[in-house]
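Okay, here's what each chain looks like letter by letter:
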Amino acid sequence: MALKIRLSRGGAKKKPFYRIVVAEATSPRDGKFVEKIGSYNPMVDHDNKERLVIDAERVKYWISKGAKPTLRVSKLISKDGLVDKPIINEQPKKSAPGKKRLEREAEEVKTEAPAEEVKTEAPAEEAKTEAPAEEAKTEAPAEEVKTEAPAEEAKTEAPAEEEKKS
């Protein structure tokens, strides 16, 4: 008989109230239970005494008999020091990438690493030459910058290029 210490829901719609019970693992959530050992009311303020009422001696007894608290219950009763605080990962196990995907990503990193070394040298030099030009653009007042100026420059550059080709 596998026992669990878990929550059993009660209360009205949108006004939950939970009993902390010891129940068989196969019994339904709100079904048959062995013993009620406390209550949890999430609608009450965090600092209110009635939010979590639990019989610590009975919890210790049932844990010694082999009952395992669920994740939510262990999180609640760990504040009282009855059990160790559970480790909750930020990324759930179900959404973690599989073995093949991790292998493919590792291979991509290996192939991109030599390519990045070559690319990092060239952009660094380009960044040095582009930085003063960007600063000059930011220093110029907005009134002097005209939208027609680049178009006129393009027209004047085109005939110059044609003359060079001839």
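Just above, that's the structure.
Reading guide: rules and limits
- All residue numbers refer to positions counted from 1 along the written sequence of the respective chain.
- Whole-chain, interface and lining totals are the exception, using all residues; otherwise, since this is a predicted model, local features are given only for residues with pLDDT of at least 70 and side-chain atom pairs are given and counted only at 80 or more.
- For side-chain calculations, the full set of non-hydrogen atoms in the structure is used, while hydrogens and water are omitted.
- Helix numbering and strand numbering both begin at the N terminus, where a helix is a DSSP run of H or I of at least 4 residues and a strand a DSSP run of E of at least 2.
- For the exposure calls, accessible area comes from a 1.4 Å probe over protein chains only, and a residue counts as buried if that area is under 20% of its type's maximum, exposed if over 50%, partly exposed in between.
- Pairing between two strands is assigned when DSSP locates at least 2 bridges connecting them.
- The criterion used for residue contact is that any of the two residues' heavy atoms lie within 4.5 Å.
- Axis lines are fitted to C-alpha atoms, over the contacting stretch for helices. Their N-to-C directions set the angle, which ranges from 0 to 180 degrees.
- Residues grouped as a nonpolar core are buried Ala, Val, Leu, Ile, Met, Phe, Trp, Tyr and Cys residues, joined through side-chain atoms within 4.5 Å.
- Polar contacts, as used here, are pairs of N or O atoms within 3.5 Å; protein pairs need one atom able to donate a hydrogen and one able to accept it. Residues neighboring in sequence count only if both atoms are side-chain atoms.
- Basic side-chain nitrogens of Lys or Arg form a salt bridge, by our definition, when they fall within 4 Å of a carboxyl oxygen of Asp or Glu.

J.: Mind showing me how you'd approach unusual backbone geometry here?
T.: Residues other than glycine predominantly adopt negative phi, and peptide bonds predominantly adopt the trans conformation. A positive phi angle, close to 65°, is found at Lys-14, a residue other than glycine. If you trace the backbone, Lys-14 turns up in the loop between β1 (3-12) and β2 (15-24). Lys-14 gets classed as exposed once you look at its relative accessible area, which sits at 70%.

J.: I'm lost on the sheet that holds β1 in this one. Help?
T.: In a beta sheet, neighbouring strands pair by backbone hydrogen bonds and run either parallel or antiparallel. On the basis of which strands lie adjacent, the open sheet formed by 5 strands has the order β4-β3-β2-β1-β5 and mixed pairing. With partners counted over all chains shown, the strands left at the sheet margins are β4 (52-54) and β5 (68-69), one partner each. Where β1 meets β5, 2 bridges bridge the pair, whose relative direction is parallel. For Ile-5, the partnering residue across the bridge sits in β5 and is Pro-69. Seen against the sheet, helix α1 (residues 56-64) touches β1, β2, β3 (35-40) and β4 and runs at an angle of roughly 125° to β3.

J.: Is there a simple way to think about the nonpolar core in this case?
T.: Across soluble globular proteins, you tend to see nonpolar side chains buried next to one another. Within the largest apolar cluster, 15 residues are counted, with the highest numbers of intra-cluster contacts made by Ile-5, Ile-20, Ile-37 and Trp-62. Listing elements by their share of this core, those giving two or more residues are β1, β2, β3, α1 and α2 (71-77). In this structure, Trp-62 is in contact with Leu-3, Ile-5, Val-22, Val-34, Glu-35, Ile-37 and Ala-67, ignoring residues within four places of it in sequence.

J.: Just checking my understanding: could you explain the pairing of β2 for this structure?
T.: The side chains of a regular strand alternate between both faces of the sheet. Across 10 bridges, the pairing between β1 and β2 is antiparallel. Each residue of the ladder has a partner; that of Ile-5, found in β2, is Val-22. Counting the residues in the hairpin turn of β1 and β2 gives 2 residues, including Lys-14, whose phi is positive at 65°.

J.: When you look at the environment of Trp-62 in this model, what are you seeing that I'm missing?
T.: Its location among the elements puts Trp-62 in helix α1. Placed 57 residues apart in sequence, Trp-62 and Ile-5 show a C-alpha to C-alpha distance of 8.2 Å.

J.: Looking at this structure, how should I read the side chain of Asn-41?
T.: By the secondary structure assignment, Asn-41 is in the loop between β3 and β4. For Asn-41, a relative accessible area of 17% translates into the label buried. Among the polar contacts listed, one links the side chain of Asn-41 to the backbone nitrogen of Met-43, at a separation of 3.2 Å. Not counting residues within four places of it along the chain, the set of residues in contact with Asn-41 comprises Pro-16, Phe-17, Glu-50 and Arg-51.

J.: Quick question: what am I supposed to make of the pattern of salt bridges here?
T.: Between side chains of opposite charge, a pair can form as their charged atoms come close. A complete count under the given rule lists 2 salt bridges for this structure. With its nearest N and O atoms 2.9 Å apart, the salt bridge here joins Glu-35 to Arg-58. Note that Glu-35 is positioned in strand β3 and Arg-58 in helix α1, a separation of 23 residues in sequence. Note that Arg-101 is salt-bridged to Glu-105, the shortest N-O span being 3.1 Å. Of this pair, Arg-101 and Glu-105 both sit in helix α3 (residues 99-139), 4 residues apart, which is roughly one turn of that helix. Take Arg-101: its relative accessible area is 46%, and that puts it in the partly exposed class. Judged by relative accessible area, which is 34%, Glu-105 ranks as partly exposed.

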